[in-house]
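# A look at the structure
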Amino acid sequence: MTWSFQLYSARNFQPWDKVLKLLGQVGYKQVEGFGGVYADPQGLKAELDKNGLTMPTGHFSLDMLENDFTGAERIAKTLGMKVIICPHIAADLRPSDAAGWRGFGERLARVGETAKAAGYEFAWHNHDFEFKPLADGSVPQDHILEVAPDIGWEMDVAWVIRGGADPMPWIDRYGRRIVAVHVKDIARQGEGLDEDGWSDVGHGTVDWKGLMQAFGNKSAARFYVMEQDNPNDIERFARRSFDTVSHL
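Computed from a predicted model, the values in this text were never measured in an experiment. (Residues numbered from 1 in each chain as written. Predicted model: local features only at pLDDT ≥ 70, side-chain atom pairs only at ≥ 80, totals over all residues. Heavy atoms only, no water.)

Strand order in the open sheet formed by eight strands is S1-S10-S7-S6-S5-S4-S3-S2, and the pairing between neighbours is parallel. A single partner strand is all that each edge strand has here, and the edge strands are strand S1 (3-5) and strand S2 (30-33). Here the strands of the sheet are splayed against their neighbours by 30° on average, with no regard to which way each runs. Note: strand S6 (residues 152-156) against strand S7 (residues 178-183), four bridges, orientation parallel. Bridge pairing links aspartate 156 to histidine 182 in S7. This element, helix H8 (residues 167-174), spans S6 and S7 of the sheet and lies at about 165° to S6. Running at roughly 170° to S7, helix H9 (residues 208-218) makes contact with S1, S6, S7 and strand S10 (223-226) of the sheet. (Pairing = 2+ DSSP bridges. Helix = DSSP H or I, 4+ residues; strand = E, 2+ residues; numbered from the N terminus. Axes fitted to C-alpha atoms, helices over the stretch in contact; angles between N-to-C directions. Contact = heavy atoms within 4.5 Å.)

Here it is as structure tokens:
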């Protein structure tokens, strides 16, 4: 198994050259990019190479993907990406009903067509809001995936749980759409209070042993990406999480 690391987790622990050196030393072979690291793609690629790392997946804003796909493609090509991922939609831009979410899914489908034509896979990354029931009882994630049948899904398991859902039925239903997984953990009651309630992987409440078995048997996931949205010690998070998954 090759383990990746979402660089967003380390955004508060600069500079990037030291972060990448740490990740290479710990044993990671891949990292996942986000908007904060793309200012100098060639320089970043050199640092990745220096530390034995690759960047097969990367996050790009929907605005960039819809309005400057050429720019996103240039970054992706320089860094050697295979999968382009849209990670989020701001709260004030989120639809409020099923029709709105289906329209949003159609937008993602169009981006997916553009990405495919350029030689890339395209996927949507979830948070918790996609699993909050709408007035009619349906949930946004179903609408997104139904109207965009050709896009993939990067499942952020901990956000699924925080959204009030059980990840297992979603893996059963959409497993062949899941191309990547965010490996994230939720702190136990009373812990992680200064880390937004997140935990190092394997030190929280998420059943990663069972989930990894499910992903292996029922999904198309090829990339497993460690993430913690607000760690207070990046080296501790990187090392303890890597140690956990290395023994799964």
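This brings us to the nonpolar core. Counting 79 residues, the largest nonpolar core has Phe5, Leu7, Tyr28, Trp208 and Phe215 as its most contacted members. Counting residues per element, this core draws most heavily on helix H5 (residues 98-117), at seven residues. Counting residues in each nonpolar core, the second largest holds seven residues, with Val83, Ile85, Ala123 and Val179 among its members. (Core = buried A, V, L, I, M, F, W, Y, C linked by side-chain atoms within 4.5 Å. Buried < 20%, exposed > 50% of the residue type's maximum accessible area, 1.4 Å probe, protein only.)

Our focus in this paragraph is the packing of aromatic side chains. Inspection of the entire model under this criterion finds 17 aromatic pairs. Centroid distance phenylalanine 5 to phenylalanine 237: 5.8 Å. Interplanar angle 55°. Geometry classified as tilted. Of the two residues, phenylalanine 5 is situated in strand S1 and phenylalanine 237 in helix H10 (residues 234-246); the sequence distance between them amounts to 232 residues. For the pair phenylalanine 5 and phenylalanine 237, one class covers both residues: buried. Here the aromatic rings of tryptophan 16 and phenylalanine 34 are separated by 6.2 Å at their centres, their planes lie at 70°, and the arrangement is edge-to-face. One end of the pair, tryptophan 16, is in helix H1 (residues 16-26); the other, phenylalanine 34, is in the loop between S2 and helix H2 (41-50), with 18 residues separating them in the sequence. The buried category is assigned to tryptophan 16, whose relative accessible area is 18%. Through successive ring pairs, a cluster of aromatic residues spans Phe5, Tyr28, Phe237 and Phe242. Its end group placed over the ring of tyrosine 8, arginine 11 keeps NZ or CZ at 3.8 Å from the ring centre. Sitting over the face of the ring of tryptophan 198, lysine 184 holds its NZ or CZ atom 4.7 Å from the ring centroid. (Phe/Tyr/Trp six-rings, centres within 6.5 Å; stacked < 30°, edge-to-face > 60°. Lys NZ or Arg CZ within 6 Å of the ring centre and 35° of its normal.)

Read these as geometric descriptors, not functional statements.
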